[in-house]
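Examining the three-dimensional arrangement
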Amino acid sequence: MGQEKKETQLVVFRIGDEEFGVEIVQVREIVRLFEITRMPKAPVYIEGVVNLRGQIIAVIDLAKRLGVSAKPRGQNSRIMIVEMGQNTIGMIVDSVVEVLRLPQENIDHVPELIETGVPEHYIRGVGKLKDRLLVLLDLNAVLTYEEVKNLEGHVEGVENIQNKERGS
């Protein structure tokens, strides 16, 4: 009986000069950047909301949230639609690079010496590939429960306004 190698399937994306990975099971889809409706009084990392095929989704600027520098938005910019518990949230990234399988033995817990500006509590581990390192994000740590609830409130407010506009 051969022992089955455990591997993690990741969506790899870039913000600035860094590559990040998140588990593919949390990513619902990846869409091109399109018009985002800004929300007044929202925290600086919240870009606003989008209407994705009838569903209102809050969108955050992942670079601002993680405190890293992003490249100017352009042709390669994407919104990753991710599932965080019961919530669906959009995250703006500079580009999506690839989907890959990473053997479990190539994932280290957060080494203290990793060169990244990302706060350690957002990092699940570091994936080692032949000639590069991937910062593996823990999406559930990127937003606190209270922040997700706050986003939900913004989304519900936008949905209520749209419903009133349709009804009149």
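Residues numbered from 1 in each chain as written. Predicted model: local features only at pLDDT ≥ 70, side-chain atom pairs only at ≥ 80, totals over all residues. Heavy atoms only, no water.

Describing the nonpolar core
- Core analysis: the largest hydrophobic core is formed by 35 residues, its most contacted members being Ile60, Leu62, Leu66 and Leu137.
- If sequence neighbours within four positions are ignored, Leu62 has contacts with Phe13, Ile15, Met91, Ile92, Val93, Leu137 and Val142.
- Formed by nine residues, the second largest nonpolar core is a distinct cluster that contains Val50, Val59, Ile79 and Ile92. (Core = buried A, V, L, I, M, F, W, Y, C linked by side-chain atoms within 4.5 Å. Buried < 20%, exposed > 50% of the residue type's maximum accessible area, 1.4 Å probe, protein only. Contact = heavy atoms within 4.5 Å.)

Focus on helix 3 (residues 145-167)
- With 23 residues, helix 3 should reach 33 Å at 1.5 Å per residue; the first-to-last C-alpha distance of 33 Å fits that figure.
- All of the buried residues in helix 3 are Glu147, Val148, Leu151, His154, Val155 and Val158.
- Those residues of helix 3 that are buried lie in contact with strand 4 (46-52), strand 5 (55-61), helix 1 (62-66), strand 7 (87-93) and helix 2 (139-142). (Helix = DSSP H or I, 4+ residues; strand = E, 2+ residues; numbered from the N terminus. Expected span 1.5 Å × (residues − 1).)

Description of the packing of aromatic side chains
- Taken as a whole and judged by the stated rule, the model has one aromatic pair.
- Arranged with centres 5.7 Å apart and planes meeting at 20 degrees, the rings of Phe13 and Phe20 form a pair that is stacked.
- Of the residues examined, Phe20 reaches a relative accessible area of 0% and is grouped as buried.
- It is Arg65 that lies over the ring of Tyr45; its NZ or CZ is 4.6 Å from the centre. (Phe/Tyr/Trp six-rings, centres within 6.5 Å; stacked < 30°, edge-to-face > 60°. Lys NZ or Arg CZ within 6 Å of the ring centre and 35° of its normal.)

A look at the side chain of Asp61
- Assignment of secondary structure puts Asp61 in strand 5.
- Accessibility expressed as a relative area gives 8% for Asp61, which makes it buried.
- Among the polar contacts listed, one links the side chain of Asp61 to the backbone nitrogen of Ala63, at a separation of 3.0 Å.
- Apart from the residues within four sequence positions on either side, Asp61 is in contact with Tyr45, Glu47, Arg73 and Ile92. (Polar contact = N/O pair within 3.5 Å; in protein donor to acceptor, adjacent residues only side chain to side chain.)

Looking at the confidence of the model for the protein chain
- Here the protein chain shows a mean pLDDT of 87. Residues at 70 or above account for 92%.
- Here helix 3 is the element of the protein chain with the lowest mean pLDDT, 76, and strand 3 (residues 27-32) is the one with the highest, 96. (pLDDT = per-residue confidence, 0-100.)

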